[in-house]
Amino acid sequence: MNSPNLLNPGSDAGAAICSAKGCRASAVWVLAWNNPKLHTPDRRKTWLACEEHREHLSQFLGVRGFLKDVVTLEEWEASAAER
C-alpha cells in the first residue's frame, strides 16, 4: 500500500494516490494504523484513500483492530508540517 509520500506515476509531482488495489484516483483521506504485534504503540503506518475506497479500507483495518485514525490528507500534511 502507498504512503503519503508516494507519487502517482505519470501525474503531477506530489500527487497522492489511493492505496486500494488497482485504484489510481487522487487520495483524499489518510488512514493511520498499526499492527500491535509488529509495531510499537506510537508508530503509525498509513494508507491513502479516495472517497470511494475510504470506507472499505477503514473496515479492512478496523476488523483487525489496526485502525487508529482517519483524517483528511490536508489535515495529515498540516500536522506533519507542525512537527
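Refer to the structure printed above.
Described in the following lines is the structure provided in the data block. For every chain, the first residue of the written sequence is number 1, and numbering continues from 1 onward in sequence order. Thresholds applied to this predicted model are a pLDDT of at least 70 for local features of residues and 80 or more for the giving and counting of side-chain atom pairs; totals over whole chains, interfaces and linings are not thresholded and use all residues. Side-chain numbers come from the whole structure's heavy atoms, not from hydrogens or water.

1. Focus on helix 1 (residues 54–63)
Right, so step 1: Residues of helix 1 that are buried include every one of Leu57, Ser58 and Leu61, and no others. Buried residues of helix 1 fall within an arc of 100 degrees about the axis and therefore sit on the same side. Exposed residues on helix 1 whose side chains face more than 90 degrees from its buried face are His56 and Val63.
Right, so step 2: The contact criterion used throughout is that any non-hydrogen atoms of two residues lie within 4.5 Å. Helix and strand assignments come from DSSP, with helices taken as H or I runs of at least 4 residues and strands as E runs of at least 2, each series counted from the N terminus. Residues of helix 1 that are buried make contact with strand 1 (29–33), strand 2 (45–49) and strand 3 (67–72).
Right, so step 3: One or two residues past the end of helix 1 sits Gly65, with phi positive at roughly 75 degrees. Remark: exposure states derive from per-residue accessible area (1.4 Å probe, protein chains only) relative to the maximum for the residue type, with buried under 20%, exposed over 50%, and partly exposed in between. This arc is taken over the directions from the axis of the helix to the C-beta atoms.

2. Some points on the pattern of salt bridges
Right, so step 1: Should a side-chain nitrogen of Lys or Arg be within 4 Å of a carboxyl oxygen of Asp or Glu, the pair is scored as a salt bridge. Tallied over the entire structure, the rule returns one salt bridge.
Right, so step 2: Here Glu55 ties to Arg54 by a salt bridge, and the two come within 3.8 Å at their closest N and O atoms.
Right, so step 3: Its relative accessible area of 39% is what places Glu55 among the partly exposed residues.
Right, so step 4: Residue classification places Arg54 among the partly exposed residues on the basis of a relative accessible area of 26%.

3. Things to note about the nonpolar core
Right, so step 1: Throughout this description, the term nonpolar core refers to a set of buried Ala, Val, Leu, Ile, Met, Phe, Trp, Tyr and Cys residues connected via side-chain atoms within 4.5 Å. Listed in full, the twelve residues of the largest apolar core are Cys18, Ala20, Cys23, Trp29, Leu31, Trp33, Trp47, Ala49, Cys50, Leu57, Leu61 and Phe66.
Right, so step 2: Broken down by secondary-structure element, the contributors of at least two residues to this core are strand 1, strand 2 and helix 1.
Right, so step 3: The element that contributes the greatest number of residues to this core is strand 1, accounting for three residues.
Right, so step 4: Sequence-distant contacts of Phe66, defined by excluding residues within four places in its chain, comprise Ala32, Trp33, Asn34, Asn35, Pro36 and Leu61.

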